[in-house]
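Chains, contacts and geometry: an overview
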Amino acid sequence: MTDQVHQGGDAAQTEQPPVAPRRSGPVRVVLVDDHRMFRTGVRAELGTAVDVVGEAEDAEQAVAVITATRPDVVLLDVHLPGGGGRAVLAALVGTLPDVRFLALSVSDAPEDVIAVIRGGARGYVTKSITGPELTMAVRRVADGDAVFSPRLAGFVLDAFAATTEVADVDEDLDRLSQREREVLRLIARGYTYKEVGKALFISVKTVETHVSAVLRKLQLSNRHELTRWATARRLV
Amino acid sequence: MTTTGNATAGVPVASGEPPARRLYRNSEGRVLAGVARGLADHLGVDPVAVRVAFVVMAAAGGAGVAAYGMFWVFAPQNPFGQARPADRERDLTMALALGSLAVGGLLLLSALGLGLRPGLAVPLVAVGVGVVILWRQADDDSRMRWRQATGTSRLSGAARAAAGIGLVGIGAIAILFGAVRGGGTSGGIMAAVVVVAGLALVSGPWWVRMARDLTAERNARIREQERAEVAAHVHDSVLHTLALIQRHVADPREVTRLARAQERELRGWLYRPRPGTGGDGTSTPSVSTALERVAAEVEDAHGVAVEVVVVGDRPLDDRLVPLRDAAREALVNAAKYAPGTAISLYAEVEPGQVTVFVRDRGPGFDPDAVPADRLGLRQSVVGRMTRHGGSAVVRSVIGEGTEVQLEMPLDSRQTPRDTRSSQ
């Protein structure tokens, strides 16, 4: 029985060199959420790591504030008065390509998650995220990478796992490559990007590249199964 | 409930569509019943164009009159429109409109081959004008009810209604006399038909209104029931939990436990299929529901937060019960030895096997040192899995946390080669 308990590969790895930040100065952020208490809390948690340049509490105000301030990252609540986060994305994603959106929500409903990602958000985190994790996620999105929560990774695996086929070419929009699948599995297991890189013997940068590729597939794929999965999961 | 209401068909990515537009008759800027104005608003064209179209159609065999009548009956009034205050000029235009309607009605009659016999046509036109007055008055009445207008125009309303009824009655009597004078057995039948038709025309507006009121009342009752259900649920669970949390402010663990339990319960209520709507509530639980339940039990018992992510699903058969129990043990271990840290449970259901990972971010331990207090993990997790034909792997790094990997093959009872340990 003892042989079943063995040490995993993680410990044997050497530390990855820390990745140098690609951006100098604090990231400029706009907070969009209809709960003032929550905005105050997020502002406090982000602290000095980012520069909160604006706040909005509904879709219309959000569009105005974002257009006026041109932030690097918008922390966008999914459920907002005036059409929700989707309305903000629909109004701005095409016109302000430099502004990146990170969806932040209490909802775990698959249709909400998938809808904002397909609407153009570069990531999705739940509101239970800790301060340092949120700061990290904001930086990551500001750098143009994608941020997947374990649950979002699970959704994507579920959505793309209807067939066991694996993409031979990374350019295939309708399937995940073997490597992308492995990365998503580890994220779903609660691994940070750094830990994923360590487990797969790849750099954090490569992990980010894989996750961004998955995000692109999720946004662009017209795959029948993706639609069907989302429809089948539409509860209530 | 409000979040998904607008996506009833097609892809969920479609942005929220505006609610379906309804055709309303618009009493604002109406001449007769607001049909032309409402149609114009609905189609986005000039009301004059619509009116001209109606007139042309009326001239062409009276079809316009028939169409106008249909719209009047079937399109509801716009309850949000503002009615113009009635004035003399309006009444004059209305008389004009009534006149043209009468001419149109005569044309319709001649088109139907009834000819323009004055003995029949004049009473018919009288009936028609009377009906129009009655229906228009009914519109005014219902609008008045929405606005709770004062009774100043009550009198003129009653006068108009009386005029309408009178016109219909006189017309009917005239037709009746014509028919009886025609003689024969058909005269009696004709009389009965005329009386019934007259009554139907006079009481028509009230029948229509009653039917609409019934529908509106039923909708209101359904909404009221929904609201009561939500209120009851919020009261029973959420308010209750908030009260408990306030009582336990000094005990952070208890507060966490209460908040997590309430969150879980509320999520379940909001996002799960309702019983009786095709949910799988009573049948054998699936792997995902079983694991979620196990995680909930551990959260409740130990005051920790467990994030559960399940990919794929299948019914929880006998083979998978040990897997569930082992997962529970792994969670309990994580809760005990890594309190206050995030615990993740990830399960993947594949055609050939089910894999579960339980990960914590606690202090970790050295598996080679085999601490005596970790016998529980050995016995209840690893032992249970191997006894039932599965396998378990425990990885732990001091300072980083522990991960337990459980695999249960679905095809054969043999212990599979661990294909994933190479990671």
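Preceding this paragraph is the structure being described.
These notes cover the structure that comes with them. These figures come from a predicted structure and were not determined experimentally.

1. Let's talk about the pattern of salt bridges
The tally for this structure, following the rule as stated, stands at 26 salt bridges over all chains. For Glu180(A), the salt bridge is made with Lys217(A), and the minimal N-O distance between the two is 2.8 Å. One end of the pair, Glu180(A), is in helix H7 (residues 178–188); the other, Lys217(A), is in helix H9 (residues 204–220), and 37 residues separate them in sequence. The burial state of Glu180(A) is the same as that of Lys217(A); both residues are buried. In this structure, Glu350(B) engages Arg185(A) in a salt bridge whose closest nitrogen and oxygen atoms are separated by 3.7 Å. One end of the pair, Glu350(B), is in the loop between strand S2 (343–349) and strand S3 (353–360); the other, Arg185(A), is in helix H7, on a second chain. According to the relative accessible area criterion, Glu350(B) is partly exposed, its value standing at 23%. Linked through salt bridges whose partners overlap, the residues forming this network are Glu254(B), Arg257(B), Arg260(B), Glu263(B), Arg264(B), Glu299(B) and Asp300(B).

2. Side note on a nonpolar patch on the surface
All names here are of chain B. On the surface, a nonpolar cluster with roughly 260 Å² of combined accessible area is contributed by Val48, Val52 and Val56. By the element assignment, Val52 lies in helix H2 (residues 47–59). Relative accessible area serves as the criterion here: at 47%, Val52 is assigned to the partly exposed category.

3. Some details on the sheet that holds strand S4 (residues 100–105) of chain A
Residues and elements named next belong to chain A. Strand order across the open sheet formed by six strands is S2-S1-S3-S4-S5-S6, with parallel pairing between neighbours. The two strands at the open ends of the sheet, each matched to only one other strand, are strand S2 (50–56) and strand S6 (147–148). Sheet topology places strand S1 (residues 27–32) next to strand S3 (residues 73–77); four bridges connect them, and they run parallel. If you follow Leu31 over to S3, its bridge partner there is Leu75. On top of the sheet, helix H2 (residues 59–69) reaches S1, S2, S3 and S4; it is set at about 140° to S2, its chief contact.

4. Quick look at the packing of aromatic side chains
A full pass over the atoms with the stated rule returns one aromatic pair over all chains. Across the ring face of Phe357(B), the terminal group of Arg189(A) is positioned such that the distance to the ring centre comes to 3.5 Å. Directly above the aromatic system of Tyr191(A) lies the positively charged group of Arg359(B), at a separation of 4.4 Å from the ring centroid.

5. Digging into the side chain of Gln262(B)
Assignment of secondary structure puts Gln262(B) in helix H8 (residues 252–271). With residues near it in sequence (within four places) discarded, Gln262(B) still touches Ser237(B), Val238(B) and Thr241(B).

6. Thoughts on the packing of helix H9 (residues 287–302) of chain B against helix H10 (residues 321–337) of chain B
Residues and elements named next belong to chain B. Close contact between H9 and H10 brings their axes to 10 Å; oriented N to C, the two are set at 30°. What the angle tells us is that H9 and H10 run roughly parallel. Pair H9 / H10 crosses with right-handed handedness. The residues of H10 that touch H9, namely those facing Ala290, Leu291, Val294, Ala295, Glu297, Val298 and His302, are Arg324, Ala327, Arg328, Leu331, Val332, Ala335 and Lys336. Residues belonging to the contact of H9 with H10 are distributed by class as follows: nine nonpolar, one polar and four charged.

7. Describing the nonpolar core
If you look at the biggest cluster of nonpolar residues, it comprises 55 residues, and the most contacted ones within it are Val32(A), Ile66(A), Val88(A), Phe101(A), Phe148(A) and Val156(A). No other element matches the seven residues that helix H6 (residues 150–160) of chain A contributes to this core. In contact with Phe148(A), not counting residues within four places along its chain, are Tyr124(A), Ala153(A), Val156(A), Leu184(A), Ile187(A), Tyr193(A), Val211(A), Val214(A) and Leu215(A). Counting residues in hydrophobic clusters, the runner-up holds 38 residues, among them Val298(B), Leu345(B), Val354(B) and Leu377(B).

8. Brief notes about the side chain of Ser286(B)
Residues and elements named next belong to chain B. Considering the arrangement of structural elements, one finds Ser286 in the loop between H8 and H9. At a separation of 3.2 Å, a polar atom in the side chain of Ser286 contacts the side chain of Ser288. The contacts of Ser286, once residues within four sequence positions are left out, are Asp313, Arg314, Pro315 and Leu316.

Criteria and thresholds
- Residues numbered from 1 in each chain as written.
- Chains lettered and ligands numbered in written order.
- Predicted model: local features only at pLDDT ≥ 70, side-chain atom pairs only at ≥ 80, totals over all residues.
- Heavy atoms only, no water.
- Salt bridge = Lys/Arg side-chain N within 4 Å of Asp/Glu carboxyl O.
- Helix = DSSP H or I, 4+ residues; strand = E, 2+ residues; numbered from the N terminus.
- Buried < 20%, exposed > 50% of the residue type's maximum accessible area, 1.4 Å probe, protein only.
- Patch = residues over 30% accessible without salt bridge, like charges linked within 9 Å, V, L, I, M, F, W, Y side chains within 5 Å.
- Areas by Shrake-Rupley, 256 points an atom, 1.4 Å probe, with all protein chains shown as cover.
- Pairing = 2+ DSSP bridges.
- Contact = heavy atoms within 4.5 Å.
- Axes fitted to C-alpha atoms, helices over the stretch in contact; angles between N-to-C directions.
- Phe/Tyr/Trp six-rings, centres within 6.5 Å; stacked < 30°, edge-to-face > 60°.
- Lys NZ or Arg CZ within 6 Å of the ring centre and 35° of its normal.
- Parallel < 35°, antiparallel > 145°, perpendicular 65-115°, else oblique.
- Left-handed = near helix turned anticlockwise from the far one by under 90°.
- Nonpolar A, V, L, I, M, F, W, Y, C, P; charged D, E, K, R; others polar.
- Core = buried A, V, L, I, M, F, W, Y, C linked by side-chain atoms within 4.5 Å.
- Polar contact = N/O pair within 3.5 Å; in protein donor to acceptor, adjacent residues only side chain to side chain.

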